[in-house]
Amino acid sequence: MKIQIRQENPGDYEAVFEVVEKAFAAEEFSDQTEQFLVERLRKSDAFVPELSLVAELGDKIVGHILLTKLRLVNDQTKFESLALAPVSVLPEYQRKGIGGMLIEYSHQRAKELGFKSVVVLGHEKYYPKFGYQQADLFGIELPFDVPKENCMVIELVENGLTGLKGMVEYPKEFYE
Ligand SMILES: CC(C)(COP(=O)(O)OP(=O)(O)OC[C@H]1O[C@@H](n2cnc3c(N)ncnc32)[C@H](O)[C@@H]1OP(=O)(O)O)[C@@H](O)C(=O)NCCC(=O)NCCS
C-alpha cells in the first residue's frame, strides 16, 4: 500500500469533507460536525495551508489532518502554537498506519515552518505513541471541562514549551 502525503488544495475540499464525515460517523465522543469545523478553519486567520494535509492511495484521498494556529496565553506573554484537529482516516483504511503517517508528517512540516509545539484534545492512548504528553506537566491548561489525560502537548523542538505556562486560546471558529 503506497500512501502519499501532500498539502491539500482546493480541488480536494469535497473529498476531504467526505473523509472527515465518514471517519467520525461512528465515534461516540463526536458530535459528527468535524467536517464543518474544517471548512470554518480553512477560512480563518488560524489557517496554515501547508498544514492541511491529505493522505492519498493512488488518486483516492483516504485521510486528512489539519493543524491550525492557536495561542498560549498568560499574564506576561502570548505565544503561538498549533492545534491538531481533526485527524481523519476513512473507516476501511483505519489501523494501517495512515493516521500515524499524517501526524508525523504534520509535525515535520510544522517544525520546518518554525512552530515549536502542538496541542491536542484527544484519546490518551493514541497520541502518546507520537510523543504527546499531558499538558498539565508543562503547566498548560485547555479551556475545556475534560479529563486532564485527554489534554496533551508535544514539543517539536527541545524546550519548545519551556517557560510557557498558561491557558490555551483556541481560534473562535472552534466554538461556532
Ligand atoms: C484516530 C485515527 C485518525 C487513527 O488513524 P489510523 O490510521 O487508524 O491510525 P494508525 O493506524 O496510524 O494507528 C496507530 C496506532 O494507534 C492505534 N489506534 C488507532 N486508532 C485508535 C483509537 N481510536 N484509539 C486508540 N488507539 C488507536 C492503533 O492500534 C495503532 O497502534 P499500534 O501502532 O500500536 O498498532 C482514525 O482511527 C480515525 O479517523 N478515527 C476517527 C476520527 C477520530 O477519532 N479522530 C481523532 C480525534 S481528532
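Here is a short report on the structure shown in this document. (Residues numbered from 1 in each chain as written. Predicted model: local features only at pLDDT ≥ 70, side-chain atom pairs only at ≥ 80, totals over all residues.)

## A look at the overall build of the protein
(1) Moving on: Of the regular secondary structure elements, the protein holds 3 helices and 9 strands.
(2) Moving on: For the protein, the α and β elements follow one another from N to C terminus as β-α-α-β-β-β-α-β-β-β-β-β.
(3) Moving on: Its C-alpha atoms give the protein a radius of gyration of 15 Å, near enough to 16 Å, the size a compact globule of 176 residues would have.
(4) Moving on: When the 176 residues of the protein are sorted by exposure, 34% land in the buried category.
(5) Moving on: Taking contacts inside the protein between residues at least 6 apart in sequence as the whole, the part at least 24 apart equals 67%. (Helix = DSSP H or I, 4+ residues; strand = E, 2+ residues; numbered from the N terminus. Rg over C-alpha atoms; globule rule 2.2 N^0.38 Å. Buried ≥ 20, exposed ≤ 12 C-beta atoms within 10 Å, placed from the backbone. Contact = placed C-beta atoms within 7 Å.)

## Re the site of the ligand
(1) Moving on: Around the ligand, the surrounding shell holds 20 residues, and the nearest of these are A23, Q94, I98, G99 and G100.
(2) Moving on: Secondary-structure elements contributing two or more residues to the shell around the ligand are α1 (13-24), β4 (78-89) and α3 (98-112).
(3) Moving on: Looking at the shell around the ligand, the element that brings in the most residues is β4, giving 5 residues.
(4) Moving on: Classifying every residue of the shell around the ligand by side-chain character gives 8 nonpolar, 7 polar and 5 charged. (Near = placed C-beta within 6 Å. Nonpolar A, V, L, I, M, F, W, Y, C, P; charged D, E, K, R; others polar.)

## Focus on the environment of E8
(1) Moving on: One can find E8 in the loop between β1 (3-7) and α1.
(2) Moving on: When the C-alpha atoms of E8 and A55 are compared, they prove to be 9.1 Å apart, with 47 residues separating the residues in sequence.
(3) Moving on: Apart from residues lying up to four places away in sequence, E8 is in contact with V16, S52, L53, V54 and H64.

## Re the pairing of β4
(1) Moving on: Bridge analysis of strand β3 (residues 60-73) against β4 gives 10 bridges, and the strand direction is antiparallel. Following the sheet pairing, R71 is matched in β4 by E80.
(2) Moving on: Between β3 and β4, which pair antiparallel in sequence order, lie 4 residues.
(3) Moving on: Bridge count between β4 and strand β5 (residues 117-121): 2 bridges; the pairing is parallel. (Pairing = 2+ DSSP bridges.)

## So, the nonpolar core
Soluble globular proteins tend to pack their nonpolar side chains together in the buried interior.
(1) Moving on: Formed by 45 residues in total, the largest nonpolar core has its most connected members in L67, L82, V118, V119 and V153.
(2) Moving on: For this core, the secondary structure elements donating two or more residues are α1, α2 (34-42), β2 (52-57), β3, β4, α3, β5 and β8 (151-155).
(3) Moving on: What L67 contacts, discounting residues up to four positions off in sequence, is V48, L51, L82, A83, L84, S106, A110 and V118. (Core = buried A, V, L, I, M, F, W, Y, C linked by C-beta atoms within 7 Å.)

## Some remarks on the environment of L161
(1) Moving on: The residue L161 is located in the loop between β8 and β9 (166-169) in this model.
(2) Moving on: With 24 residues separating them in the primary sequence, L161 and L137 have C-alpha atoms 11 Å apart.
(3) Moving on: Those residues in contact with L161 that sit more than four places away from it in its chain are S117, F138, I140, V153 and E155.

## Considering α3
(1) Moving on: Here α3 contains 15 residues, and its C-alpha end-to-end distance of 21 Å stays within 8% of the 21 Å for a straight helix at 1.5 Å per residue.
(2) Moving on: Turning to α3, its buried residues are I98, G99, L102, I103, S106, H107 and A110.
(3) Moving on: In the core, the buried residues of α3 are packed alongside β1, β2, β3, β4 and β5.
(4) Moving on: Once α3 ends, the next one or two residues include G114, with phi positive near 100 degrees. (Expected span 1.5 Å × (residues − 1).)

## Some remarks on the packing of α1 against α2
(1) Moving on: Two elements in contact, α1 and α2, have axes separated by 8 Å at closest approach and are oriented at 145 degrees. Across the interface between the two elements, V16, F17, V20, E21 and F24 from α1 touch E34, Q35 and V38 from α2. (Axes fitted to C-alpha atoms, helices over the stretch in contact; angles between N-to-C directions.)

## Notes on the pairing of β5
(1) Moving on: Counting buried positions along β5 gives 4 out of 5 residues, so the element sits mostly inside the fold.
(2) Moving on: The parallel pair β4 and β5 is bridged by α3, and the resulting crossover is right-handed.
(3) Moving on: Examined bridge by bridge, β5 and β8 share 5 bridges and lie antiparallel to one another. Opposite V120, over in β8, you have M152 as the bridge partner. (Right-handed = clockwise from strand over helix to strand, strands pointing away.)

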